[in-house]
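# A closer look at the structure
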Amino acid sequence: MKETIVSNSEKAFVQKLITSGHRLDGRTYKETRNHQISFGSDYGSCIASLGETKVMAQVSCEVVQPKQIRPNEGILYINVEVGPMAAPQFEANRQSDLTVYLNRLLEKCYKDSKCIDLESLCIVVEEKVWSIRVDVKILNHDGNLIECASIATLASLAHFKRPDVTRAGDKVIIHTMTEKDPIPTVLYHYPVCLTFAIFGSDILISDPSYIEEAVCMSVVDEDNVGGGLLVVGINQYKEPCLLDLTGAAIHSVNIVHKAILSASERGKLIIDIVKKSIISDDTLRQKRARINYKDIITNEHRQSLIRKELSIRLKNFNTNELKQESEEEMDQDDDDDVKIIEPSKYDIVATLPKTAEINAKTGKSAWIEISSDSEVE
Amino acid sequence: MPGPELLSSQGLRLDGRRPDELRRIRCKLGVFTQPDGSAYLEQGNTKVLAAVYGPHQAAKSKLSTEGVVVNCQYSMATFSTSERKNRPRGDRKSQEMSLHLRQALSAAIKTELYPRSQIDIYVEVLQADGGAYCASVNAATLALIDAGVPLKAYACACTSSVAWRGNHPEALLDVGHVEEAAGGVCLTVAALPSVDSIALLEMSHRLHMDYFEVVMSRAMQGCKDIEIILDKAVREHLAEGWTKPDVITI
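Not measured: the values here are computed from a predicted model. (Residues numbered from 1 in each chain as written. Chains lettered and ligands numbered in written order. Predicted model: local features only at pLDDT ≥ 70, side-chain atom pairs only at ≥ 80, totals over all residues. Heavy atoms only, no water.)

Now for the overall build of chain A. For chain A, the helix and strand inventory stands at 7 helices and 16 strands. The 377 residues of chain A split such that 45% are buried. Excluding contacts between residues fewer than 6 apart, the proportion of contacts in chain A whose partners are at least 24 apart in sequence is 70%. (Helix = DSSP H or I, 4+ residues; strand = E, 2+ residues; numbered from the N terminus. Buried < 20%, exposed > 50% of the residue type's maximum accessible area, 1.4 Å probe, protein only. Contact = heavy atoms within 4.5 Å.)

Here it is as structure tokens:
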């Protein structure tokens, strides 16, 4: 199936909206969607979700012969699969551009930055080493795959424990999990990839959603308005391990600096979340609680919409100003002084999470004045 | 830093260059007769051939009404690296390089002038001594000019790295293979210097963010210098016509 084309009006609307300071789902430029990490019953198995984007990573290991040029190091192998489960435009078992892109980014972030101590994976020099393989599968594509995939990879690598090995003379004995406690992987630093969408020459958006990604990649204007996706891989010591700019050209280097600064703040938060979730998973396992994916897959409440959250959030819920607001949006006027705000007769009350109800303000009884301007809901 | 000293006490690098020096660039346009445009470029010991076909009718599956489809193929000859390369094209690294090439060149080509058409760019690396991607971008730009494809600006690419002299970071321009293999960070920038925009930015290995500015500005300066060199080469080629037999040395 071919990818759904983003229409010109959608592109124009999203661009105009973003340049005026808002985003479709009501977030600010720096806000990200909810992170959630959930581990499976095996060590090294994890699902990470970022809003509706869901990625699963599984780490496994086996004993192999090491590479000739590196006889005392283990091998790390990362494989990303994007299938039709993620989105209908992907074909099964076919390497699309996106697959190559994700694979290379994760390889650069985790292999080239040397975050795993490969020498500790050596069993017998030149004969036997552990080969760690991370299989990443994209479950649902709703924008920002790289961030979600890198969180899943990092969490699963940090969570993974390999079997203990002892040498008895010439023999090498691999102990099962019940005989000896498995050994966690040694991570020198925790790198994570963060995505920013660049609109125009100075607007930096964190955690772009599917439509924001599609629009910023296709920005082609006669005025040379640039745009693109910037991926910054950063660890908790504020060292960028990976930088990748895709899309149309950008016009100033300052935006890259801004992105790296913003990434170092956000990266630290994400790495803390990963570490905390691993610690809490450890304590749960010690209490012999059942670990499974139940929480991240099921929904707690019934919903009539397909999505849990609104994908388009209104700027504000003040009902009296509806007509004034729409006029102001058309004029793109930011004259705060001239606005005449009438006190609203209605209250917006949050009932359930992410749902609001409109209640009429109760006070002493009065005649309701219906003027020709205001709209009564 | 582990590995060989990237910067000696006199301030010279492993191949004797100063930190802000590019390798010698030699190039020739119009080396083949069959493609619409072709170029050969040497950057130090890295030798690259580029051939451009197009614009011609696009395959139905790749058709785009918005602009020309740029199709790039990056391939490294099996004899290009010190160990024989088993897969010249189709492996992940080459596919990634092809994607990056396409991105850098699509930013330079005036794509809106040729809707429903396709431009094919084939790049072959004959000898890789570091900076093969940059040499490919530069060679492809020359080949596009030779083919007569309208460009917004020259697309130039340059790498830069950082070495420490005492405690003071010094940015190295145009890293060679030995410097890359020593494990240092390598920032690749593909830019359109005359319109001051960056088409591609790529960095691997760790670099502390305080030093990023130094490395980035050195790479941008390198791109500007390369643009001057390429521009001179093009003008000389046009002035002499294609009858001049010698390779242009700059």
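This next bit is on the nonpolar core. The biggest cluster of nonpolar side chains holds 140 residues, and the ones touching the most others in it are Tyr110(A), Leu243(A), Ile121(B), Leu144(B), Leu187(B) and Val189(B). Counting residues per element, this core draws most heavily on helix H4 (residues 209–240) of chain B, which supplies 12 residues. Counting 13 residues, the second largest nonpolar core, distinct from the first, contains Ile211(A), Val215(A), Cys216(A) and Leu229(A). (Core = buried A, V, L, I, M, F, W, Y, C linked by side-chain atoms within 4.5 Å.)

Turning next to the UniProt feature "domain: Exoribonuclease phosphorolytic" (unreviewed entry) in chain A. Sequence positions flagged by UniProt for "domain: Exoribonuclease phosphorolytic" (unreviewed entry) are, in local numbering, residues 31–163 of chain A. This span, residues 31–163 of chain A, is 23% helix and 36% strand, and a straight line between its end C-alpha atoms measures 40 Å. (UniProt positions renumbered as here; feature names shortened; annotations may be inferred.)

Listed per partner, the contact involves 32 residues of chain B and 38 residues of chain A. In terms of surface lost to chain A, no three residues of chain B exceed Arg92(B), Arg206(B) and Met209(B), which account for 25% of the buried area on that side. Taken together, the connections running from chain B to chain A amount to 7 salt bridges. Contributing elements (two or more residues each) for the side of chain B that touches chain A: helix H1 (92–108), strand E9 (197–204) and H4 of chain B. With 9 residues, H1(B) is the single largest residue contributor to the side of chain B that touches chain A. Pairing geometry for strand E14 (residues 240–246) of chain A and E9(B), over 3 bridges, is antiparallel. Bridge pairing in E9(B) places Leu243(A) opposite Met203(B). (Buried area = accessible area lost by both parts, 1.4 Å probe. Salt bridge = Lys/Arg side-chain N within 4 Å of Asp/Glu carboxyl O. Pairing = 2+ DSSP bridges.)

Residue and element names in this part refer to chain A. Relative to the helices and strands, Ile-138 resides in strand E6 (residues 128–140). Look at Ile-138 and you get buried, because its relative accessible area is 0%. Excluding its chain neighbours within four sequence positions, the residues that come into contact with Ile-138 are Lys-54, Val-55, Val-80, Glu-81, Val-82, Ala-86, Leu-102 and Leu-145.

For side chains of opposite charge, pairing can occur when their charged atoms come near one another. Enumeration over the complete set of coordinates arrives at 27 salt bridges over all chains. Asp135(A) is paired through a salt bridge with Arg133(A); the nearest N and O atoms lie 2.9 Å apart. A relative accessible area of 25% means that Asp135(A) is categorised as partly exposed. Among the salt bridges present, the one from Lys161(A) reaches Asp282(A), with a minimum N-O distance of 3.9 Å. Of this pair, Lys161(A) sits in strand E7 (residues 161–162) while Asp282(A) sits in helix H5 (residues 254–286), and the two are 121 residues apart along the sequence. Its relative accessible area of 16% is what places Lys161(A) among the buried residues. Overall, the relative accessible area of 32% leaves Asp282(A) in the partly exposed class. Residues participating in the shared-partner salt-bridge network are Arg104(A), Glu107(A), Lys108(A), Arg92(B), Glu96(B) and Glu202(B).

A word on the packing of aromatic side chains. Scanning the entire structure with this criterion turns up 1 aromatic pair over all chains. Ring centres of Tyr53(B) and Tyr122(B) lie 6.0 Å apart, and the angle between their planes is 80°; this geometry places the pair in the edge-to-face category. Pair noted here: Tyr53(B) is in strand E3 (residues 46–57) and Tyr122(B) is in strand E5 (residues 117–127), with a separation of 69 residues, a long-range link. A residue is classified by how much of its surface remains accessible, and Tyr53(B), at 31% relative accessible area, is partly exposed. The side chain of Lys275(A) reaches across the aromatic face of Tyr190(A), ending 4.7 Å from its centre. (Phe/Tyr/Trp six-rings, centres within 6.5 Å; stacked < 30°, edge-to-face > 60°. Lys NZ or Arg CZ within 6 Å of the ring centre and 35° of its normal.)

Residue and element names in this part refer to chain A. In this model, helix H2 (residues 97–112) (16 residues) spans 21 Å end to end at C-alpha, consistent with the 22 Å of a helix rising 1.5 Å per residue. The buried fraction of H2 amounts to 12 of the 16 residues, a majority that puts the element mostly inside the structure. Every buried residue of H2 is listed here: Thr-99, Val-100, Tyr-101, Leu-102, Asn-103, Arg-104, Leu-105, Leu-106, Glu-107, Lys-108, Cys-109 and Tyr-110. (Expected span 1.5 Å × (residues − 1).)

Below, the discussion takes up the packing of helix H1 (residues 8–19) of chain A against helix H4 (residues 210–217) of chain A. Residues and elements named next belong to chain A. Between H1 and H4, whose axes approach to 10 Å, the crossing angle comes to 100°. The angle between the axes of H1 and H4 places the two elements in the roughly perpendicular class. Taking contact as the criterion, the partners of Glu-10, Lys-11, Val-14, Gln-15 and Ile-18 in H1 are, on H4, Ile-211, Glu-212 and Val-215. Of the residues that constitute the contact of H1 with H4, the class distribution is 4 nonpolar, 1 polar and 3 charged. (Axes fitted to C-alpha atoms, helices over the stretch in contact; angles between N-to-C directions. Parallel < 35°, antiparallel > 145°, perpendicular 65-115°, else oblique. Nonpolar A, V, L, I, M, F, W, Y, C, P; charged D, E, K, R; others polar.)

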